[in-house]
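# Inside the fold
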Amino acid sequence: EPLYSLRMRAAEGRAHEDGGLHISGGERLSTREELEEAVSALLRKALHHSRGTADFINIAIEKVAQEEIPVLAPLPISTYCTTSVQAGRKQAADLLRQSSVSDAAIERGFEILTSSYNLRGAVLLDSQSGERMDTRGTKGVRVSRMDWERMSHAIWKKRQPLLESVRVSEAVALATKVASAAGTVAELCWSDDPEYSTGYVSSPTKGYCRIFHLKEEGELSGGRIFFVTAETNIADYIEYLEKMPVWIG
Ligand code: PML
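Below is a summary of the structure that appears in this document. None of these values were measured; they are calculated from a predicted model. (Residues numbered from 1 in each chain as written. Predicted model: local features only at pLDDT ≥ 70, side-chain atom pairs only at ≥ 80, totals over all residues. Heavy atoms only, no water.)

All right, on to the sheet that holds strand β4 (residues 71-72) then. What the three strands build is an open sheet, ordered β4-β12-β7; its pairing is parallel. Looking at strand neighbours, the two that pair on one side only are β4 and β7 (146-148), the edges of this open sheet. As judged from the two bridges shared by β4 and strand β12 (residues 246-248), these two strands associate in the parallel manner. Pairing of Leu72 across the sheet is with Ile248, part of β12. (Pairing = 2+ DSSP bridges. Helix = DSSP H or I, 4+ residues; strand = E, 2+ residues; numbered from the N terminus.)

What follows is the structure in C-alpha cells.
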C-alpha cells in the first residue's frame, strides 16, 4: 500500500524578509485512506496555536518510495516535576551531563534556546566543543517522515493515561527517531509555544525525560538542540532525520 509523507508549516507575516514568525510545524506518515484525516489534523494544528495567527500554511504531501519501513520502539518516559525554571534547567543540565554532553556544550545549548524565538528546526551541536555542526541558520534541521503505528499508539496511550496529549505523542515520536540516529548523544527541547513550559532531555541511555518548567510562561523562546559526536557525518545524519521513513510502535 502506498504511503505518504505530510509536512505542515505555518507562519505569520511571511512577506517579511526573514520569512515571518514561525507558528507551527507538523509531520505525519499516512496511508492513502487516512490522508484526508491526516491533512485535517495538521490544518487544525496550524490554525489553533498560541504563538499567533497563521497567514501562511503550507502542507506538502509526498509519496514515500520505501518498501520496508523500520519500526522503532518509543523511548521510555520519565517525568521530573520541578517547580521553577531554575530547578528545571538544572535538572536538564544534569541529565545532559549524565548522557555525556560536556558543560561547554550544555551552556551553548541553553544560550541558543533561550535567545531563539524563531527557530523552525533543530540546531546541531558538537556534544564536546559545543560548536554548531549544521549550516542551516534559523531554518535548522527538520525531522520528518516519522509517525506512530496506529495499533501501537492506541496501546501506548492506554498505558500512559496522564499523557493523553497529541503534543507529547508527537514529541516522543520525534525524540525516538532522533535518538535512533547514528551520532546522537542527546537532545534538549522546549516548546516555542508561549503557553507551554514543559520540555525534555532525551538520549539513547536516559530515554525521554520530561521536565516541568524549562521556561517561564509567556516566553516565545524554544526549539531543539541535537548534541552529536564530533565524528558524525552531518550530511548523512541530516539525510536520515529528514528523509528516512520510520514507524514508532
Ligand atoms: C512542542 O511543543 O512541539 C514540544 C513539546 C515538548 C514537550 C512535550 C512534553 O510535554 O513531553
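That was the structure; now back to the text.
Moving on, we get to the nonpolar core. Core analysis: the biggest nonpolar cluster contains 30 residues, and Phe226, Tyr237 and Leu241 have the highest contact counts within it. Counting only elements with at least two residues in this core, the list comes to β7, α5 (166-180), β11 (223-228), α6 (234-243) and β12. In terms of residues, this core owes the most to one element, α5, which gives eight residues. When neighbours within four sequence positions are excluded, Leu241 is seen to be in contact with Val141, Arg142, Val143, Ser144, Lys177, Val178, Ala181 and Phe226. Judged by nonpolar contacts, the second largest core, of 23 residues, contains Val101, Val123, Leu125 and Phe227. (Core = buried A, V, L, I, M, F, W, Y, C linked by side-chain atoms within 4.5 Å. Buried < 20%, exposed > 50% of the residue type's maximum accessible area, 1.4 Å probe, protein only. Contact = heavy atoms within 4.5 Å.)

This next bit is on the pairing of β11. By the criterion of burial, β11 is predominantly enclosed, with five of the six residues buried. Relative to β11, strand β6 (residues 123-126) runs parallel, the two being bridged by four bridges. In the sheet register, Leu125 faces β11, and the bridge partner there is Phe227.

On to the site of the ligand, then. Close to the ligand lie Arg167, Val168, Ser191, Tyr196, Thr198, Tyr200, Tyr208 and Arg210. One of the side-chain nitrogen or oxygen atoms of Tyr208 is found 2.6 Å away from an oxygen atom of the ligand. Protein chains shield 88% of the accessible area of the ligand, which is 340 Å² for the free molecule. Taken together, the elements giving at least two residues each to the shell around the ligand come down to α5 and β10 (207-211). (Near = heavy atom within 4 Å. Polar contact = N/O pair within 3.5 Å; in protein donor to acceptor, adjacent residues only side chain to side chain. Areas by Shrake-Rupley, 256 points an atom, 1.4 Å probe, with all protein chains shown as cover.)

Along the chain, the position of Glu107 falls in helix α3 (residues 103-115). On the basis of relative accessibility, which here comes to 52%, the residue Glu107 falls in the exposed class. Note: C-alpha distance between Glu107 and Ser165 (58 residues apart in sequence) is 30 Å.

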